[in-house]
Amino acid sequence: VLREVRAFDSQLAKLLGDPRKPKTGGDRRNANRFKNSMELEVERLWAKKLQVYAVIPFNRNGAILGILRIAFKAFFEYVREETFGKFGLQQIQVDCAFIGEMVRDFLETEDASVLDSLLDEVVASAQMRCVEPVLMDPAMVEARCEEKKKTFRFD
């Protein structure tokens, strides 16, 4: 998915000529650390209200946001139809954290937070569909993501 997003991004850059703003280290997400249940519930409600096929701005960021909203909503629908074991849930948790971290390079901070809510909804859905719902510790999820980022290549 990330390789495809990068390919779309480079094609959009050629077509639209939109320059990508350099990211600072402060734009990163901390794998849902320190979110209480009320914050998670508000994000869940926001994700359910989100219009996946809403109108997007005609620019590079808007196009990538639209593609990712559709992809993440499809991922949510897939997860909603499956049943998971403990380790399947934890894999979904790590995958969502990693994807959420990596797509931040293609989006503005506000847009990335919209996608974070969709990914949080994917994890919540997997947790509801799990026979033994035990999430990984957020620090462990973050460590796994950092480990994967060191070896991940878009090529």
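Residues numbered from 1 in each chain as written. Predicted model: local features only at pLDDT ≥ 70, side-chain atom pairs only at ≥ 80, totals over all residues. Heavy atoms only, no water.

Let's talk about the environment of arginine 80
Here's step 1: Take arginine 80: it is sitting in helix H3 (residues 60–80).
Here's step 2: Judged by its relative accessible area of 40%, arginine 80 is partly exposed.
Here's step 3: Taking the C-alpha atoms as reference points, arginine 80 and valine 122, separated by 42 residues in sequence, lie 8.0 Å from one another.
Here's step 4: Filtering out sequence-adjacent residues up to four positions away, arginine 80 remains in contact with Ser125 and Arg129. (Helix = DSSP H or I, 4+ residues; strand = E, 2+ residues; numbered from the N terminus. Buried < 20%, exposed > 50% of the residue type's maximum accessible area, 1.4 Å probe, protein only. Contact = heavy atoms within 4.5 Å.)

Description of the packing of helix H4 (residues 86–103) against helix H5 (residues 109–128)
Here's step 1: Contact pair H4 / H5: the axes reach a minimum separation of 9 Å and the direction vectors enclose 175 degrees. The angle between H4 and H5 falls in the class roughly antiparallel. Within the contact between the two elements, H4 uses Leu89, Ile92, Gln93, Cys96, Ile99, Gly100 and Val103 and H5 uses Leu115, Asp116, Leu119, Val122, Val123, Ala126 and Gln127. (Axes fitted to C-alpha atoms, helices over the stretch in contact; angles between N-to-C directions. Parallel < 35°, antiparallel > 145°, perpendicular 65-115°, else oblique.)

Points about the packing of aromatic side chains
Here's step 1: In this structure the tally under the stated criterion is 1 aromatic pair.
Here's step 2: A ring pair is formed by phenylalanine 98 and phenylalanine 152, whose centres lie 5.6 Å apart and whose planes are at 75 degrees; its orientation type is edge-to-face. Placement of phenylalanine 98 in helix H4 and of phenylalanine 152 in the segment after helix H6 (138–151) is noted, with a sequence separation of 54 residues between them. Both residues of the pair, phenylalanine 98 and phenylalanine 152, belong to the buried class. (Phe/Tyr/Trp six-rings, centres within 6.5 Å; stacked < 30°, edge-to-face > 60°.)

Concerning the environment of leucine 89
Here's step 1: Mapped onto the elements, leucine 89 comes out in helix H4.
Here's step 2: You can call leucine 89 buried: its relative accessible area is 0%.
Here's step 3: A sequence separation of 44 residues divides leucine 89 from proline 133, and the C-alpha atoms of the two residues are 7.1 Å apart.
Here's step 4: Contacts of leucine 89, omitting those with residues within four sequence positions, involve Phe84, Val123, Ala126, Gln127, Cys130, Pro133, Val134 and Leu135.

Describing the nonpolar core
Here's step 1: One finds Leu68, Phe72, Ile92, Val103, Leu107 and Leu115 to be the most contacted residues of the largest nonpolar core, which totals 34 residues.
Here's step 2: At the level of elements, helix H1 (2–16), H3, H4, H5 and H6 are the ones that each hand at least two residues to this core.
Here's step 3: With 9 residues, the top contributor of residues to this core is H4. (Core = buried A, V, L, I, M, F, W, Y, C linked by side-chain atoms within 4.5 Å.)

Some words on the confidence of the model for the protein chain
Here's step 1: Looking at the protein chain as a whole, its pLDDT mean stands at 84, while 81% of the residues score no less than 70.
Here's step 2: The weakest mean pLDDT in the protein chain belongs to helix H2 (residues 37–49) at 66; the strongest belongs to H4 at 96. (pLDDT = per-residue confidence, 0-100.)

Some thoughts on the pattern of salt bridges
Any two side chains of opposite charge can pair, given that their charged atoms come close.
Here's step 1: A full pass over the atoms with the stated rule returns 6 salt bridges.
Here's step 2: The partner of glutamate 81 in a salt bridge is arginine 80, and the shortest N-O contact between them spans 3.8 Å.
Here's step 3: Measuring nitrogen to oxygen at the nearest pair gives 3.0 Å for the salt bridge that ties glutamate 146 to lysine 149. Taken together, the positions of glutamate 146 and lysine 149, both in helix H6 and 3 residues apart, correspond to about one turn of that helix.
Here's step 4: With relative accessibility at 24%, the residue lysine 149 sits in the partly exposed group.
Here's step 5: It is possible to trace a salt-bridge network through shared partners that takes in Glu77, Arg80 and Glu81. (Salt bridge = Lys/Arg side-chain N within 4 Å of Asp/Glu carboxyl O.)

Some words on the packing of H3 against H4
Here's step 1: In contact at an axis separation of 13 Å, H3 and H4 are set at 175 degrees when each is read in the N-to-C sense. For the element pair H3 / H4, the angle class is roughly antiparallel. Contacts between H3 and H4 involve Leu68, Phe72, Phe75 and Val79 on the former and, on the latter, Ile92, Cys96, Ile99 and Val103.
Here's step 2: Of the residues contributing to the contact of H3 with H4, the split by class is 8 nonpolar, no polar and no charged. (Nonpolar A, V, L, I, M, F, W, Y, C, P; charged D, E, K, R; others polar.)

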